[in-house]
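# Results of the structural survey
Read off the chains here:
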Amino acid sequence: MTAIDLNSDLGESYGAWAMGDDEAMLSIVSSANVACGFHAGDPVGILKTVKAAAERGVSIGAHVSYPDRVGFGRRDMDVTSAELTADVIYQIGAIKGIAAAAGISVGYVKPHGALYNRIAHDPKQGQAVIDGIKAIDPDLVMMGLAGSPILELARASGLKVVAEAFADRAYTPSGALVSRREAGAVLHDAGLIARRMLQLAHDGTIEAIDGSIIKIDAQSICVHGDSPGAVAIAREIRQAFEKDGIVVRSFLTR
(Lines give C-alpha, C1' and ligand atoms only; values in the text may rest on other atoms or scores of the structure.)
Protein backbone atom coordinates (compact mmCIF):
# COMPACT_ATOMS: atom_id res chain seq x y z
CA MET A 1 0.00 0.00 0.00
CA THR A 2 1.51 3.34 -1.08
CA ALA A 3 -1.22 5.65 0.27
CA ILE A 4 -3.84 5.46 3.01
CA ASP A 5 -6.40 7.74 4.61
CA LEU A 6 -6.10 8.69 8.28
CA ASN A 7 -9.33 9.89 9.88
CA SER A 8 -10.52 11.11 13.26
CA ASP A 9 -13.84 11.91 14.97
CA LEU A 10 -13.88 15.67 15.54
CA GLY A 11 -16.23 18.56 16.32
CA GLU A 12 -17.38 16.84 19.51
CA SER A 13 -16.96 19.66 22.02
CA TYR A 14 -20.14 21.11 23.50
CA GLY A 15 -20.46 24.49 25.22
CA ALA A 16 -17.95 24.68 28.05
CA TRP A 17 -16.99 21.02 27.66
CA ALA A 18 -13.97 20.49 25.42
CA MET A 19 -13.57 17.13 23.73
CA GLY A 20 -10.27 16.36 22.01
CA ASP A 21 -7.86 18.73 20.27
CA ASP A 22 -9.32 19.37 16.84
CA GLU A 23 -6.69 21.93 15.81
CA ALA A 24 -3.84 19.52 16.45
CA MET A 25 -5.59 16.52 14.88
CA LEU A 26 -6.40 18.49 11.73
CA SER A 27 -2.67 19.03 11.18
CA ILE A 28 -2.19 15.24 11.12
CA VAL A 29 -5.23 13.50 9.61
CA SER A 30 -6.48 13.59 6.03
CA SER A 31 -10.21 13.17 6.80
CA ALA A 32 -12.38 14.50 9.62
CA ASN A 33 -15.59 12.80 10.76
CA VAL A 34 -17.51 15.79 12.06
CA ALA A 35 -20.18 15.39 14.75
CA CYS A 36 -23.65 16.46 13.65
CA GLY A 37 -25.09 17.43 17.02
CA PHE A 38 -26.89 14.20 17.88
CA HIS A 39 -24.19 12.61 20.03
CA ALA A 40 -21.93 15.62 20.51
CA GLY A 41 -21.02 19.01 19.09
CA ASP A 42 -22.71 22.41 19.05
CA PRO A 43 -23.17 24.70 16.02
CA VAL A 44 -20.37 27.16 16.83
CA GLY A 45 -17.89 24.37 17.57
CA ILE A 46 -18.87 22.35 14.52
CA LEU A 47 -18.48 25.41 12.29
CA LYS A 48 -15.06 26.14 13.80
CA THR A 49 -13.90 22.57 13.11
CA VAL A 50 -15.23 22.57 9.56
CA LYS A 51 -13.56 25.91 8.80
CA ALA A 52 -10.26 24.63 10.19
CA ALA A 53 -10.56 21.48 8.05
CA ALA A 54 -11.19 23.61 4.96
CA GLU A 55 -8.12 25.73 5.69
CA ARG A 56 -5.94 22.63 5.95
CA GLY A 57 -7.36 20.77 2.95
CA VAL A 58 -8.77 18.00 5.14
CA SER A 59 -11.79 16.13 3.73
CA ILE A 60 -14.90 16.11 5.90
CA GLY A 61 -17.63 13.57 6.50
CA ALA A 62 -20.89 13.62 8.41
CA HIS A 63 -20.52 11.64 11.65
CA VAL A 64 -24.16 10.65 12.11
CA SER A 65 -25.46 9.10 15.32
CA TYR A 66 -28.40 7.94 17.33
CA PRO A 67 -29.97 10.90 19.23
CA ASP A 68 -27.97 10.22 22.42
CA ARG A 69 -26.09 13.16 23.90
CA VAL A 70 -26.05 11.73 27.43
CA GLY A 71 -24.51 8.46 26.27
CA PHE A 72 -22.23 10.09 23.68
CA GLY A 73 -23.95 7.97 21.02
CA ARG A 74 -22.57 4.76 22.50
CA ARG A 75 -25.89 3.28 23.69
CA ASP A 76 -27.72 0.94 21.33
CA MET A 77 -31.21 2.04 20.32
CA ASP A 78 -34.14 0.27 18.72
CA VAL A 79 -35.60 2.89 16.41
CA THR A 80 -37.93 2.56 13.46
CA SER A 81 -36.54 2.68 9.96
CA ALA A 82 -38.48 5.86 9.24
CA GLU A 83 -37.03 7.58 12.32
CA LEU A 84 -33.48 6.51 11.55
CA THR A 85 -33.66 7.53 7.89
CA ALA A 86 -35.04 10.95 8.86
CA ASP A 87 -32.37 11.38 11.55
CA VAL A 88 -29.64 10.64 9.02
CA ILE A 89 -31.09 13.10 6.50
CA TYR A 90 -31.38 15.76 9.21
CA GLN A 91 -27.78 15.36 10.38
CA ILE A 92 -26.24 15.30 6.93
CA GLY A 93 -28.27 18.36 6.01
CA ALA A 94 -26.90 20.23 9.01
CA ILE A 95 -23.29 19.47 8.13
CA LYS A 96 -23.87 20.25 4.47
CA GLY A 97 -25.15 23.70 5.43
CA ILE A 98 -22.21 24.42 7.72
CA ALA A 99 -19.77 23.10 5.12
CA ALA A 100 -21.27 25.35 2.45
CA ALA A 101 -20.75 28.34 4.73
CA ALA A 102 -17.10 27.31 5.17
CA GLY A 103 -16.54 26.81 1.43
CA ILE A 104 -16.07 23.05 1.60
CA SER A 105 -18.14 20.03 0.57
CA VAL A 106 -19.16 16.98 2.59
CA GLY A 107 -17.69 13.92 0.88
CA TYR A 108 -18.75 10.96 2.97
CA VAL A 109 -20.82 9.66 5.88
CA LYS A 110 -19.52 7.66 8.82
CA PRO A 111 -22.02 6.46 11.44
CA HIS A 112 -20.88 6.88 15.03
CA GLY A 113 -20.59 4.63 18.07
CA ALA A 114 -23.48 2.27 18.75
CA LEU A 115 -25.09 3.04 15.39
CA TYR A 116 -21.85 2.16 13.58
CA ASN A 117 -21.59 -1.15 15.43
CA ARG A 118 -25.29 -1.97 15.07
CA ILE A 119 -25.52 -1.45 11.32
CA ALA A 120 -22.33 -3.39 10.68
CA HIS A 121 -24.45 -6.53 11.04
CA ASP A 122 -28.07 -5.31 11.22
CA PRO A 123 -29.44 -5.04 7.66
CA LYS A 124 -32.67 -3.33 8.73
CA GLN A 125 -31.03 -0.39 10.46
CA GLY A 126 -28.23 -0.47 7.90
CA GLN A 127 -30.68 -0.05 5.05
CA ALA A 128 -32.38 2.81 6.88
CA VAL A 129 -29.04 4.64 7.11
CA ILE A 130 -28.30 3.91 3.45
CA ASP A 131 -31.75 5.19 2.45
CA GLY A 132 -31.09 8.42 4.35
CA ILE A 133 -27.76 8.96 2.62
CA LYS A 134 -29.22 8.26 -0.81
CA ALA A 135 -32.21 10.53 -0.18
CA ILE A 136 -30.06 13.60 0.47
CA ASP A 137 -26.99 12.90 -1.71
CA PRO A 138 -26.37 9.56 -3.47
CA ASP A 139 -22.83 10.68 -4.37
CA LEU A 140 -21.73 10.54 -0.74
CA VAL A 141 -19.35 7.71 0.16
CA MET A 142 -20.33 5.49 3.09
CA MET A 143 -17.57 4.55 5.55
CA GLY A 144 -17.99 1.29 7.45
CA LEU A 145 -16.18 -1.42 9.35
CA ALA A 146 -13.82 -3.41 7.13
CA GLY A 147 -15.15 -6.90 6.44
CA SER A 148 -18.67 -6.18 7.70
CA PRO A 149 -21.87 -6.92 5.72
CA ILE A 150 -22.92 -3.25 5.71
CA LEU A 151 -20.36 -2.47 3.01
CA GLU A 152 -21.82 -4.98 0.56
CA LEU A 153 -25.36 -3.84 1.41
CA ALA A 154 -24.38 -0.25 0.65
CA ARG A 155 -22.72 -1.25 -2.63
CA ALA A 156 -25.78 -3.25 -3.65
CA SER A 157 -27.87 -0.14 -2.93
CA GLY A 158 -25.72 1.97 -5.24
CA LEU A 159 -23.43 3.76 -2.80
CA LYS A 160 -19.66 3.98 -3.01
CA VAL A 161 -17.98 2.68 0.14
CA VAL A 162 -14.68 2.87 1.99
CA ALA A 163 -13.61 0.21 4.49
CA GLU A 164 -12.19 1.37 7.79
CA ALA A 165 -9.87 -0.05 10.43
CA PHE A 166 -9.35 1.30 13.95
CA ALA A 167 -5.88 2.12 15.18
CA ASP A 168 -6.72 2.47 18.86
CA ARG A 169 -9.16 -0.43 19.23
CA ALA A 170 -8.64 -4.14 19.81
CA TYR A 171 -10.21 -6.71 17.48
CA THR A 172 -11.89 -10.04 18.12
CA PRO A 173 -10.74 -13.10 16.12
CA SER A 174 -13.81 -12.64 13.89
CA GLY A 175 -12.77 -9.11 12.89
CA ALA A 176 -15.26 -7.23 15.10
CA LEU A 177 -14.24 -4.53 17.56
CA VAL A 178 -13.82 -5.66 21.15
CA SER A 179 -16.60 -4.11 23.25
CA ARG A 180 -15.57 -1.04 25.23
CA ARG A 181 -17.01 -2.81 28.27
CA GLU A 182 -14.16 -5.34 28.12
CA ALA A 183 -10.59 -4.90 29.35
CA GLY A 184 -8.08 -4.13 26.62
CA ALA A 185 -10.69 -2.80 24.18
CA VAL A 186 -8.95 0.57 23.78
CA LEU A 187 -5.22 0.74 23.02
CA HIS A 188 -3.01 3.53 24.33
CA ASP A 189 0.64 2.70 23.46
CA ALA A 190 1.42 4.98 20.49
CA GLY A 191 4.48 2.99 19.41
CA LEU A 192 2.62 -0.32 19.50
CA ILE A 193 -0.34 1.17 17.63
CA ALA A 194 1.93 2.57 14.91
CA ARG A 195 3.59 -0.82 14.43
CA ARG A 196 0.17 -2.49 14.17
CA MET A 197 -0.90 0.01 11.52
CA LEU A 198 2.30 -0.53 9.53
CA GLN A 199 1.55 -4.25 9.55
CA LEU A 200 -1.97 -3.49 8.37
CA ALA A 201 -0.71 -1.27 5.55
CA HIS A 202 1.91 -3.79 4.42
CA ASP A 203 0.21 -7.14 4.91
CA GLY A 204 -3.49 -6.37 5.38
CA THR A 205 -3.35 -8.16 8.73
CA ILE A 206 -3.60 -7.27 12.41
CA GLU A 207 -3.21 -9.15 15.68
CA ALA A 208 -6.53 -9.88 17.40
CA ILE A 209 -6.95 -9.70 21.18
CA ASP A 210 -6.32 -13.46 21.52
CA GLY A 211 -3.02 -13.25 19.61
CA SER A 212 -4.34 -14.67 16.34
CA ILE A 213 -3.65 -12.88 13.05
CA ILE A 214 -6.69 -11.71 11.11
CA LYS A 215 -7.13 -10.19 7.64
CA ILE A 216 -8.33 -6.58 7.43
CA ASP A 217 -8.82 -4.92 4.03
CA ALA A 218 -9.10 -1.21 4.84
CA GLN A 219 -8.53 2.01 2.93
CA SER A 220 -8.89 4.31 5.95
CA ILE A 221 -7.61 4.19 9.54
CA CYS A 222 -9.38 5.89 12.45
CA VAL A 223 -7.89 7.40 15.59
CA HIS A 224 -10.66 8.42 18.00
CA GLY A 225 -10.31 12.12 18.74
CA ASP A 226 -11.64 11.74 22.28
CA SER A 227 -9.14 9.04 23.31
CA PRO A 228 -6.42 10.00 25.81
CA GLY A 229 -3.24 10.68 23.88
CA ALA A 230 -5.11 10.78 20.55
CA VAL A 231 -2.86 13.45 19.03
CA ALA A 232 0.33 11.58 20.00
CA ILE A 233 -1.09 8.35 18.58
CA ALA A 234 -2.11 9.95 15.28
CA ARG A 235 1.25 11.71 14.97
CA GLU A 236 3.16 8.49 15.65
CA ILE A 237 1.16 6.65 12.97
CA ARG A 238 1.68 9.40 10.40
CA GLN A 239 5.40 9.63 11.09
CA ALA A 240 5.76 5.85 10.83
CA PHE A 241 3.90 5.83 7.51
CA GLU A 242 5.91 8.70 6.05
CA LYS A 243 9.19 7.14 7.17
CA ASP A 244 8.09 3.97 5.38
CA GLY A 245 7.13 5.80 2.18
CA ILE A 246 3.36 5.51 2.72
CA VAL A 247 1.50 8.73 1.86
CA VAL A 248 -1.32 9.85 4.15
CA ARG A 249 -4.04 11.08 1.78
CA SER A 250 -7.82 11.28 1.78
CA PHE A 251 -9.53 8.46 -0.08
CA LEU A 252 -11.62 11.14 -1.79
CA THR A 253 -8.60 12.59 -3.61
CA ARG A 254 -7.39 9.41 -5.30
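This text goes with the structure placed above it.
Quick caveat: nothing in here was measured; it's all calculated off a predicted structure.

## Things to note about the overall build of the protein chain
Within the protein chain, the secondary structure is distributed over eight helices and 10 strands. Computed over the C-alpha atoms, the radius of gyration of the protein chain is 17 Å, within 12% of the 18 Å expected from 2.2 N^0.38 for a compact globule of 254 residues. Looking at the protein chain alone, contacts between residues at least 24 apart form 72% of all its contacts between residues at least 6 apart. Just so you have it, the protein chain exposes about 10700 Å², and 54% of that area is on carbon and sulfur atoms. Taken as two groups, the 24 positive and 30 negative side-chain charges of the protein chain have centres that lie 2 Å from each other.

## Side note on the side chain of Asp168
Looking at where Asp168 falls in the secondary structure, it is placed in the loop between strand 6 (160-166) and helix 7 (190-203). We note that Asp168 is buried and unpaired, the nearest opposite charge coming from Arg169 at a distance of 6.0 Å. Here the side chain of Asp168 touches His224 through a polar contact of 2.9 Å, landing on its backbone nitrogen. Once residues lying within four places of it in the same chain are set aside, the contact partners of Asp168 are Ala185, Val186, Leu187, Ile193, Cys222, Val223, His224 and Ser227.

## Remarks on the packing of aromatic side chains
Counting across every chain of the model gives three aromatic pairs. Where Phe38 meets Tyr90, the ring centres are 5.8 Å apart and the plane angle is 45 degrees; that geometry is what we call tilted. Placement of the pair is Phe38 in the loop between strand 2 (31-35) and helix 2 (43-56) and Tyr90 in helix 3 (residues 81-102), with a sequence separation of 52 residues. Judged by its relative accessible area of 16%, Phe38 is buried. For Tyr90, a relative accessible area of 59% puts it in the exposed group. Measuring from ring centre to ring centre gives 5.5 Å for Tyr116 and Phe166, while their planes differ by 90 degrees; the resulting arrangement is edge-to-face.

Basis of the calculations
Residues numbered from 1 in each chain as written. Predicted model: local features only at pLDDT ≥ 70, side-chain atom pairs only at ≥ 80, totals over all residues. Heavy atoms only, no water. Helix = DSSP H or I, 4+ residues; strand = E, 2+ residues; numbered from the N terminus. Rg over C-alpha atoms; globule rule 2.2 N^0.38 Å. Contact = heavy atoms within 4.5 Å. Areas by Shrake-Rupley, 256 points an atom, 1.4 Å probe, with all protein chains shown as cover. Lys, Arg positive; Asp, Glu negative; His and termini not counted. Charge placed at Lys NZ, Arg CZ, Asp CG, Glu CD. Buried < 20%, exposed > 50% of the residue type's maximum accessible area, 1.4 Å probe, protein only. Salt bridge = Lys/Arg side-chain N within 4 Å of Asp/Glu carboxyl O. Polar contact = N/O pair within 3.5 Å; in protein donor to acceptor, adjacent residues only side chain to side chain. Phe/Tyr/Trp six-rings, centres within 6.5 Å; stacked < 30°, edge-to-face > 60°.

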